[in-house]
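Observations on the three-dimensional arrangement
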Amino acid sequence: DQQVKQNSPSLSVQEGRISILNCDYTNSMFDYFLWYKKYPAEGPTFLISISSIKDKNEDGRFTVFLNKSAKHLSLHIVPSQPGDSAVYFCAAAGISGTYKYIFGTGTRLKVLA
Amino acid sequence: IAGITQAPTSQILAAGRRMTLRCTQDMRHNAMYWYRQDLGLGLRLIHYSNTAGTTGKGEVPDGYSVSRANTDDFPLTLASAVPSQTSVYFCASRVSSGSYNEQFFGPGTRLTVL
């Protein structure tokens with residue numbers, strides 16, 4: 001049973017426009033959320049995170065929004081650049097203090113020049 | 001070189017053979033993790049360790065075992081490999097087991113079980 005879901009397997013966006021990647025989770029015990037980017041043949045790299053006590057965190061072109069009541073988070077990339085083309089994973093942690101990090105299925109973003 | 005190393009980079013293995021995937025980090029991170037990445041399934045947690053001497057089961061632990069004898073090393077063993085264990089395996093580490101922060105990932109091991 002997938003506890004962290006990314007329902008869009010792929011997304012195409014024009015360069016300079018906004019990219020919005022979505023993630024849903026089922027377990028209300030999660031209290032820390034992260035986004036990672038992955039290029040082919042490389043390990044995932046950390047992008048941005050958010051604690052459940054916040055509803056927004058911003059770092060440069062990247063902003064993560066958290067809606068706890070809807071168990072939903074999103075990553076906004078503005079403006080999108082061709083180098084942003086990658087697979088993006090959301091992850092969640094916090095179940096009973098086990099420090100397990102559970103990942104979603106990923107969304108492949110393609111930024112068109 | 002600081003970071004996480006994984007070995008081998010890739011491996012083709014006959015079903016039924018035993019295989020150990022190696023993971024070493026030199027960042028003195030307390031917590032370490034093993035994930036497998038499969039198309040359409042994302043990254044799934046196999047086993048984790050919050051600190052040296054302790055391990056825990058993740059989402060898909062069956063068929064795999066781990067040990068954490070020291071801070072730096074976290075090997076993953078397939079006792080008797082099966083074709084469904086064909087995957088890309090990623091090791092990760094994190095600086096503290098007492099709070100939440102980001103994981104750092106190794107480059108991965110591509111394993112094919114025939």
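With that settled, consider the environment of Asn101 of chain B. You can see Asn101 of chain B is positioned in the loop between β9 (87–94) and β10 (104–105). What makes Asn101 of chain B buried here is its relative accessible area of 11%. As for Asn101 of chain B and His47 of chain B, which are separated by 54 residues in sequence, their C-alpha atoms are 18 Å apart. Other than its neighbours up to four places away in sequence, Asn101 of chain B contacts Tyr32, Leu34 and Tyr101 of chain A together with Arg94, Val95 and Ser96 of chain B. Here Arg94 of chain B takes part through its side chain, which lies 3.1 Å from a polar atom of the side chain of Asn101 of chain B.

Attention shifts here to the state of the cysteines. One pass over the full model with this rule turns up two disulfides over all chains. Bridging Cys23 of chain A to Cys90 of chain A, the disulfide has an S-S length of 1.9 Å. Classification of the bridge connecting Cys23 of chain A and Cys90 of chain A rests on its S-S torsion, roughly 65 degrees, and on that basis the disulfide is right-handed. Of the two residues, Cys23 of chain A sits in strand β3 (residues 19–25) while Cys90 of chain A sits in strand β9 (residues 86–93), which places them 67 residues apart along the sequence. Across the disulfide from Cys23 of chain B sits Cys91 of chain B; the S-S distance is 1.9 Å. Given an S-S torsion of about -75 degrees, the disulfide between Cys23 of chain B and Cys91 of chain B has left-handed geometry. One end of the pair, Cys23 of chain B, is in strand β3 (residues 19–25); the other, Cys91 of chain B, is in strand β9, and 68 residues separate them in sequence.

For the rest of this paragraph, the subject is the side chain of Ser19 of chain A. Residues and elements named next belong to chain A. Residue placement: Ser19 occurs in strand β3. A polar contact of 2.6 Å, which involves the side chain of Ser19, links it to the side chain of Ser80. Beyond its immediate stretch of four places on either side in the chain, Ser19 contacts Val13, Leu75, His76, Ile77, Ser80 and Leu109.

How two aromatic rings sit relative to each other is given by the distance of their centres and the angle of their planes. Summed over all chains, the structure comprises 13 aromatic pairs over all chains. Ring centres 6.4 Å apart and planes at 75 degrees place the aromatic pair Phe89 of chain A and Phe103 of chain A in the edge-to-face group. Of this pair, Phe89 of chain A sits in strand β9 while Phe103 of chain A sits in strand β10 (residues 101–103); the two residues are 14 residues apart in sequence, bridging distant segments of the chain. For Phe89 of chain A, a relative accessible area of 1% gives the class buried. Each ring, one from Tyr35 of chain B and one from Phe105 of chain B, has its centre 5.7 Å from the other, and the planes form 45 degrees; the classification is tilted. Here Tyr35 of chain B is found in strand β4 (residues 31–38), whereas its partner Phe105 of chain B is found in strand β10, with 70 residues between them in sequence. For Phe105 of chain B, a relative accessible area of 12% puts it in the buried group. One aromatic cluster in this structure is built from Tyr36, Phe46, Phe89, Tyr101 and Phe103 of chain A together with Tyr33, Tyr35, Tyr48 and Phe105 of chain B.

Criteria and thresholds
Residues numbered from 1 in each chain as written. Chains lettered and ligands numbered in written order. Predicted model: local features only at pLDDT ≥ 70, side-chain atom pairs only at ≥ 80, totals over all residues. Heavy atoms only, no water. Helix = DSSP H or I, 4+ residues; strand = E, 2+ residues; numbered from the N terminus. Buried < 20%, exposed > 50% of the residue type's maximum accessible area, 1.4 Å probe, protein only. Contact = heavy atoms within 4.5 Å. Polar contact = N/O pair within 3.5 Å; in protein donor to acceptor, adjacent residues only side chain to side chain. Disulfide = S-S within 2.5 Å. Phe/Tyr/Trp six-rings, centres within 6.5 Å; stacked < 30°, edge-to-face > 60°.

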